[in-house]
Amino acid sequence: MSAAPAWRTSPPSCPRLGTAAAEVQAATAWCFSLLERMEQEEDEVDVAACSAAKALATDASYRAVDIGLQLHGSEGYTRRTPMEKRLRDIRGLRIADGPNDTLYGVLAHSLLSESRPAAPLVAQRRA
């Protein structure tokens, strides 16, 4: 008799963990895309996109850490796991360079402003 596939025996929180991992990877890809565009355009920095990418990345990371804490239960808040430190670290990052609500506001303001160029928030790859 073979063992059951991992997805059948995994805890119910696994889909949330998968979602968090996908969000963190997407935010990371967006940040690298913006860095690549900044290297190519040298003088042009899309402040609105950079603000939103930072806020999105730290929000996604916070959700991932929160899920990790829940998976560890009350043990997650002790120093026996790395989760309590990660929670403190990501909380600090959410505040650094301005609170995330402010950074999302920068993006919203630029989207509503008519002076904003029509450049996409994510650089498109050229074949």
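Structural notes, computed from the coordinates. (Residues numbered from 1 in each chain as written. Predicted model: local features only at pLDDT ≥ 70, side-chain atom pairs only at ≥ 80, totals over all residues. Heavy atoms only, no water.)

Moving on, we come to the overall build of the protein chain. For the protein chain, the count of helices and strands is five helices and zero strands. In the protein chain, the order of α-helices and β-strands from amino to carboxyl end is α-α-α-α-α. In the protein chain, once contacts between residues fewer than 6 apart in sequence are set aside, the share between residues at least 24 apart is 66%. Put simply, the protein chain shows about 9000 Å² of open surface, and 59% of that area lies on carbon and sulfur atoms. (Helix = DSSP H or I, 4+ residues; strand = E, 2+ residues; numbered from the N terminus. Contact = heavy atoms within 4.5 Å. Areas by Shrake-Rupley, 256 points an atom, 1.4 Å probe, with all protein chains shown as cover.)

Since the α-helix turns once every 3.6 residues, residues separated by three or four places project in the same direction. Along its 13 residues, helix α4 (residues 83-95) runs 19 Å from first to last C-alpha, staying within 8% of the 18 Å computed at 1.5 Å per residue. Of the positions making up α4, those classed as buried are Met83, Glu84, Ile90 and Arg94. Each buried residue of α4 sits inside an arc of 130 degrees when the element is viewed along its axis, so together they form one side. Contacts made by the buried residues of α4 are with α3 (47-72) and α5 (100-112). Immediately beyond the C-terminal end of α4, within one or two residues, lies Asp97, with a positive phi of roughly 60 degrees. (Expected span 1.5 Å × (residues − 1). Buried < 20%, exposed > 50% of the residue type's maximum accessible area, 1.4 Å probe, protein only. Arc of directions from axis to C-beta.)

Looking now at the packing of α3 against α5. The interhelical angle for the contact between α3 and α5, taken along N-to-C directions, is 145 degrees, at an axis separation of 8 Å. Relative to α5, α3 is oriented so that their crossing is left-handed. Here α3 contributes Val47, Ala48, Ser51, Ala52, Lys54, Ala55, Leu56, Thr58 and Asp59 to the contact with α5, which in turn contributes Asn100, Leu103, Tyr104, Val106, Leu107 and Ser110. When grouped by side-chain class, the residues that make up the contact of α3 with α5 number nine nonpolar, four polar and two charged. (Axes fitted to C-alpha atoms, helices over the stretch in contact; angles between N-to-C directions. Left-handed = near helix turned anticlockwise from the far one by under 90°. Nonpolar A, V, L, I, M, F, W, Y, C, P; charged D, E, K, R; others polar.)

Right, let's get into the nonpolar core. By size, the foremost hydrophobic cluster in this structure holds seven residues: Trp30, Leu34, Ala48, Ala49, Ala52, Ala53 and Leu107. Among the secondary structure elements, those contributing two or more residues to this core are α2 (14-41) and α3. Here this core takes four residues from α3, the largest share from any one element. (Core = buried A, V, L, I, M, F, W, Y, C linked by side-chain atoms within 4.5 Å.)

Before going further, it helps to examine the packing of aromatic side chains. Evaluation of the coordinates by the stated rule reveals zero aromatic pairs. In this structure, Arg94 packs its charged tip against the face of Tyr62, placed 4.3 Å from the ring centre. (Phe/Tyr/Trp six-rings, centres within 6.5 Å; stacked < 30°, edge-to-face > 60°. Lys NZ or Arg CZ within 6 Å of the ring centre and 35° of its normal.)

Close contact between α2 and α3 brings their axes to 9 Å; oriented N to C, the two are set at 155 degrees. When the axes of α2 and α3 are compared, the pair comes out roughly antiparallel. Handedness of the crossing formed by α2 with α3: left-handed. Its residues assigned to classes, the contact of α2 with α3 comprises 18 nonpolar, two polar and four charged. (Parallel < 35°, antiparallel > 145°, perpendicular 65-115°, else oblique.)

Next up on the list: unusual backbone geometry. For residues besides glycine, phi is generally negative; the peptide bonds are generally trans as well. One non-glycine residue with positive phi stands out, namely Asp97, at about 60 degrees. Here Asp97 lies in the loop between α4 and α5.

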